[in-house]
Amino acid sequence: MDPDIIVHHPCSCGNNRESKFKTYQNERRELLGAFCTVCGDEWLHKQFLGEASSENFVLLKHQQLYHRKRKEVSSSYCRIRDLTEIKLGDHIRWEEFQGKEQLFLEAIVVGLEAGDALISVVMMQKQGFCELKIGRILINLSKITKIEIVDYKPSADPVELVTARAVAWCDEESAVYNLFTMKSKVFANYCKCGSGDKWKITWLVGSQFTQISMTVLGSSWRSGKEEDCQTIAEKGSTRTKIKTGIVIVANGAAIGFDMDDVMKEKQEDRDAENFINGYIERFGQVLTDCGCNINGALAHNIPGGGIDAITFPTIDVQISVFIASVLKGKIPRAPQNAFGTPAGRAFGKLIHKSLKREDEAVDLKDIHPGDHVVLPGRVRHPRCHAIVVSVNNKTNKIKLIRNTFERGVVEEWVEVSSPILRVTYPLGQAYPAETVIERARSKLGERRYLFARYNCKHFAVWCESKEQA
């Protein structure tokens, strides 16, 4: 798929790049639907809409696809006794043993061999530490002693759409890093009934949060070890597999990262608590820089005490996260007592800073070329940073240069309303207005938006600040 093809009627999140849609096609290569990999919304051919139809649509490959809200889903497992009961598009579950560990695996049937016990399925598999891959595999049913079919009753989609969804994800060339617990059941459920919050959280939010974690942790990422999530959630304090570092608990997963070697390299071993706390604060800062909303550093009696909730830009769902320091192989307090721990204090401090950031509310008449402004964006991306090129007070429009996820760095007129936030810089730290605009225009056409490292705020600060040059 050509990454430069522009969708002239884009997704509701603003995604107008065809390469950012996962398209569903049947065996005749007819387009049945598409999944927006930016926000997680699904768009379907009108034959699949029924009563849940919507006037909203995207235009892909010269065809209108319509938005359908997630249906209410109920399901149950049914043991089968005859292999001929298995049909195309079925969601099946079977058990396997890896050593002494019992695993329940779930997949979508996409191929049947006539007169043979071999079937072709698409499933999500774990490749390594926090690595996931969706692919097609062959299963010999004669070697499986217990197999079940998941019955969705009337809530499942037609077989043609179910198998098209599954096969669409088999073109992933490499594994995706994802900290979140990702059960094969979640993928199979999405294939049967369409995109919902579970799929958005575990796949889209999970991969974005993991990218942020890799950015903050650096070389310490490679030290990650899986911890007992339930033990961390239930106990007031608990021992871990690592000596000094950070534990992240989110979406049913708990991962510990050993930072002992990094701390020694930086000769910070005399004050381990402050060293680790600095990384926790960095987590919060990167999250806000990426446009995430942090709704409070509160405590819960479930994994998620470090932050009450995070809303990610472009994806209209929230997740709870608990980020804790590990000192001498022990978490001082688990999530239910997180308030007041380094995690709670760090994020509380961050939220306080965010309420007193160096922004000032001004009227349109007070905006000038070269200013760094922050405008309200879409609901799923509430803050948009940009550089002002010119102002038209009669039409209430500003010509801006900004770095966008969908189109890269662009220059365009945007209608605005007062008040507008203007970012202020200390005297002597900002370039003259002409230089700011010149720097911004030097990046026009650039398309290397990175969620954690080069978003709209990073771009605007680079244009404006001498310190970031």
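Residues numbered from 1 in each chain as written. Predicted model: local features only at pLDDT ≥ 70, side-chain atom pairs only at ≥ 80, totals over all residues. Heavy atoms only, no water.

As annotated in an unreviewed UniProt entry, the protein chain carries the name LRAT domain-containing protein and comes from Holothuria leucospilota.

**Things to note about the overall build of the protein chain**
A tally of helices and strands in the protein chain yields nine helices and 26 strands. Taken as a whole, the protein chain presents about 22,900 Å² of accessible surface, with 47% of it coming from carbon and sulfur. (Helix = DSSP H or I, 4+ residues; strand = E, 2+ residues; numbered from the N terminus. Areas by Shrake-Rupley, 256 points an atom, 1.4 Å probe, with all protein chains shown as cover.)

**What to know about helix α8 (residues 433-441)**
Buried residues of α8: Val436, Ile437, Arg439 and Ala440, and no others. Seen from one end, α8 has its buried residues packed into an arc of 160 degrees, which puts them on one side. Turned more than 90 degrees from where α8 packs its buried face, Glu434 and Glu438 sit exposed. (Buried < 20%, exposed > 50% of the residue type's maximum accessible area, 1.4 Å probe, protein only. Arc of directions from axis to C-beta.)

**Some details on the packing of aromatic side chains**
All told, the structure shown has 14 aromatic pairs when counted by the stated rule. On the basis of an interplanar angle of 85 degrees and a centroid distance of 6.2 Å, the ring pair of Trp169 and Tyr190 is categorised as edge-to-face. Of this pair, Trp169 sits in the loop between α1 (159-168) and β12 (176-177) while Tyr190 sits in helix α2 (residues 184-193), and the two are 21 residues apart along the sequence. Residue Trp169 shares its accessibility class with Tyr190, and that shared class is buried. Through a chain of ring-to-ring contacts, three or more aromatic side chains come together here, namely Phe35, Trp169, Phe187, Tyr190, Trp199 and Trp203. Stacked on the ring of Tyr77, the Lys or Arg Arg93 has its end atom at 3.7 Å from the ring centre. Across from the ring centre of Trp462, 4.8 Å away, lies the NZ or CZ of Lys443, which sits over that ring. (Phe/Tyr/Trp six-rings, centres within 6.5 Å; stacked < 30°, edge-to-face > 60°. Lys NZ or Arg CZ within 6 Å of the ring centre and 35° of its normal.)

**A look at the sheet that holds strand β10 (residues 131-140)**
Strand order in the open sheet formed by seven strands is β6-β11-β7-β8-β9-β10-β12, and the pairing between neighbours is antiparallel. Both edges of this open sheet fall to β6 (76-79) and β12, since each of them pairs with a single strand only. Of the strand pairs in this sheet, strand β9 (residues 118-128) and β10 are connected by 10 bridges, and their pairing is antiparallel. Its bridge partner lying in β10, Val122 is registered against Arg136. Running at roughly 25 degrees to strand β8 (residues 101-112), α2 makes contact with β6, β7 (91-98), β8, β9 and β10 of the sheet. (Pairing = 2+ DSSP bridges. Contact = heavy atoms within 4.5 Å. Axes fitted to C-alpha atoms, helices over the stretch in contact; angles between N-to-C directions.)

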